[in-house]
Amino acid sequence: ISVDKQQVDEYNNIESNVNEAKEISNDKSVRSLNSGNIHTINSESYSTYFTNGILNNAAQDGDVILIDDTFEDSSFIFDKSINLTSTQNGILRNCIITFNSNADYSNVTNLNIVNINDNANDGINVYSATNMTIEDNTIYIDSNNTAKGITLNNADGTIIYNNDITVNAYANKVTYYYEANYFNPAGTVETAGIGVYNSSYTNVESNTVSMSSTGYHPQRGTLVGIAVQGNGARRRLHPVAVRNRVL
């Protein structure tokens with residue numbers, strides 16, 4: 001059996017990048033956000049902790065936000081480093097969950113997210129918050145629009161681990177250009193189980209992603225289990241480790 005040396009070198013480079021991403025993401029986070037006070041969030045206490053959908057000063061960095069109720073069409077926006085988790089009673093239906101730039105080192109675990117409303121398409125959104133851990137969440141999305149289960153934008157050093165994600169959504173058009181004997185996407189993939197955009201040193205591992213379409217654009221309608229893209233098709237991301245089960 002002959003083995004192409006270029007293929008071997010490419011495989012070794014991939015393995016090296018995977019290991020580097022895992023080492024850096026683990027080292028950068030130290031994953032040591034200390035748990036502070038526990039704040040139980042239910043229908044009665046929500047307004048105490050959230051003002052216009054944004055976590056207010058009733059909770060501080062390092063605190064635990066424990067979802068213990070069914071919420072519909074609510075916003076959970078975080079500008080702090082917090083531990084967001086849920087009891088078995090916690091269900092987030094058609095909610096918006098967003099972590100912004102001051103939410104570095106936050107942990108998101110054990111959420112049950114069900115989005116079947118076209119106005120709340122993405123499950124968990126991270127914008128410019130780094131070194132987060134998103135683990136053991138169940139996300140189900142059924143939408144006539146484009147949607148993603150988890151979205152990272154400029155979220156370096158994030159670990160996305162052991163999440164169960166189902167996305168049934170519209171496969172929109174993605175424009176491609178031809179360069180160096182392969183096609184590159186010039187536009188952002190809009191429907192994906194996990195979307196990693198401009199986010200280096202990210203470890204995406206042991207997730208189960210199921211994808212299907214509620215409709216598709218007649219020209220290159222595209223949906224992707226896990227999308228990894230830089231800022232523009234020519235930008236090279238630093239290592240991103242991706243090992244998952246995509247259905």
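Residues take numbers from 1 onward in each chain, read along the sequence in its written order. Restriction of local features to residues with pLDDT of at least 70 applies here, the model being predicted, together with a cutoff of 80 or more for giving and counting side-chain atom pairs; totals for whole chains, interfaces and linings are based on all residues. With hydrogens and water stripped out, all remaining heavy atoms of the structure feed into the side-chain values.

K.L.:
Got a minute to help me understand the side chain of Thr158 in this structure?
P.N.:
Along the chain, Thr158 turns up in the loop between strand 15 (148-153) and strand 16 (159-161). Only protein chains enter the calculation, and the probe is 1.4 Å; a residue is then buried if its accessible area is under 20% of its type maximum, exposed if over 50%, and partly exposed in between. Classification of Thr158 as buried rests on a relative accessible area of 0%. Reaching out from Thr158, the side chain makes a polar contact with the backbone oxygen of Ala155 at a distance of 2.9 Å. Labels follow the DSSP assignment, with helices taken as runs of H or I lasting at least four residues and strands as runs of E lasting at least two, numbered in each case from the N terminus. Polar contacts, as used here, are pairs of N or O atoms within 3.5 Å; protein pairs need one atom able to donate a hydrogen and one able to accept it. Residues neighboring in sequence count only if both atoms are side-chain atoms.

K.L.:
Can you walk me through the packing of aromatic side chains in this structure?
P.N.:
Aromatic ring pairs are reported here in terms of the distance separating the ring centres and the angle at which the planes meet. Paired rings are identified among Phe, Tyr and Trp, the last through its six-membered ring, by centres lying within 6.5 Å, and are further divided according to the angle between planes into stacked (under 30 degrees), edge-to-face (over 60) and tilted (the rest). In the structure shown here, the tally under the stated rule is seven aromatic pairs. One aromatic cluster is present, built from ring pairs that chain together Tyr46, Phe50, Phe71, Phe76, Phe78 and Phe99.

K.L.:
Would you take a moment to explain the side chain of Ser86 for this structure?
P.N.:
With respect to the helices and strands, the residue Ser86 is situated in strand 7 (residues 83-86). Looking at Ser86, the relative accessible area reads 12%, which means it is buried. A polar side-chain atom of Ser86 sits 3.3 Å from the main-chain carbonyl oxygen of Ile67. At 3.5 Å, the side chain of Ser86 and the backbone oxygen of Gly90 are in polar contact. Throughout, a residue-residue contact means that at least one pair of heavy atoms, one from each residue, lies within 4.5 Å. Discounting chain neighbours no more than four positions away, the residues touching Ser86 are Leu66, Ile67, Thr109, Asn110 and Leu111.

K.L.:
Is there a simple way to think about the pairing of strand 12 (residues 124-127) in this case?
P.N.:
For a regular strand, side chains alternate in direction, first toward one face of the sheet and then toward the other. Two elements, strand 9 (residues 96-99) and strand 12, share two bridges in a ladder whose sense is parallel. Considered in strand 12, the bridge of Phe99 is made with Val126. In this sheet, strand 15 lies alongside strand 12 in parallel orientation, the contact comprising four bridges. Its bridge partner being in strand 15, Ile124 is matched across the sheet by Ile150. When DSSP finds two or more bridges between a pair of strands, those strands are recorded as paired.

K.L.:
Explanation requested: the pattern of salt bridges in the structure shown.
P.N.:
A pair can form between side chains of opposite charge whenever their charged atoms are brought close. Salt bridge criterion: a side-chain nitrogen from Lys or Arg within 4 Å of a carboxyl oxygen from Asp or Glu. For the coordinates displayed, the defined rule picks out one salt bridge. Among the salt bridges present, the one from Arg93 reaches Glu72, with a minimum N-O distance of 3.8 Å. Of this pair, Arg93 sits in strand 8 (residues 91-93) while Glu72 is found in strand 5 (residues 70-72), placing the two residues 21 residues apart along the sequence. We classify Glu72 as partly exposed; its relative accessible area is 47%.

K.L.:
Please clarify how the environment of Asn37 should be interpreted in this entry.
P.N.:
Turning to its location among the elements, Asn37 is positioned in the loop between helix 1 (5-29) and strand 1 (38-41). Assessed through its relative accessible area of 52%, Asn37 is described here as exposed. When neighbours within four sequence positions are excluded, Asn37 is seen to be in contact with Asp63 and Val64.

K.L.:
Even after reading the chapter, I still don't get unusual backbone geometry, so can you show me in this structure?
P.N.:
In terms of backbone geometry, most residues other than glycine have negative phi values and most peptide bonds are trans. Although it is not a glycine, Asn52 sits at a positive phi angle of roughly 55°. Turning to its location among the elements, Asn52 is positioned in the loop between strand 2 (50-51) and strand 3 (54-55). One non-glycine residue, Asp136, adopts positive backbone phi at about 60°. Looking at where Asp136 falls in the secondary structure, it is placed in the loop between strand 13 (133-135) and strand 14 (138-142). For Asp136, a relative accessible area of 31% gives the class partly exposed.

K.L.:
What's the story with the environment of Asn115 in this structure? I'm lost.
P.N.:
Take Asn115: it is sitting in strand 11 (residues 112-115). We classify Asn115 as buried; its relative accessible area is 0%. Residues Asn115 and Ile141, 26 residues apart in the sequence, show an inter-C-alpha distance of 4.7 Å. Discounting residues that sit within four places of it in the chain, Asn115 has contacts with Leu92, Arg93, Asn94, Cys95, Ala120, Asn121, Asp122, Gly123, Tyr140, Ile141 and Asp142.

K.L.:
What exactly am I supposed to notice about the confidence of the model for the protein chain here?
P.N.:
Values of pLDDT, the confidence the predictor places in each residue, fall between 0 and 100. Overall, the prediction assigns the protein chain a mean pLDDT of 82, with 74% of residues at 70 or greater. Scored below 50 in pLDDT, residues 1-8 shows one contact in the model against residues more than four places distant or in partner chains. Every residue in residues 27-32 is under pLDDT 50, and counting partners more than four places away or in other chains gives twelve contacts.

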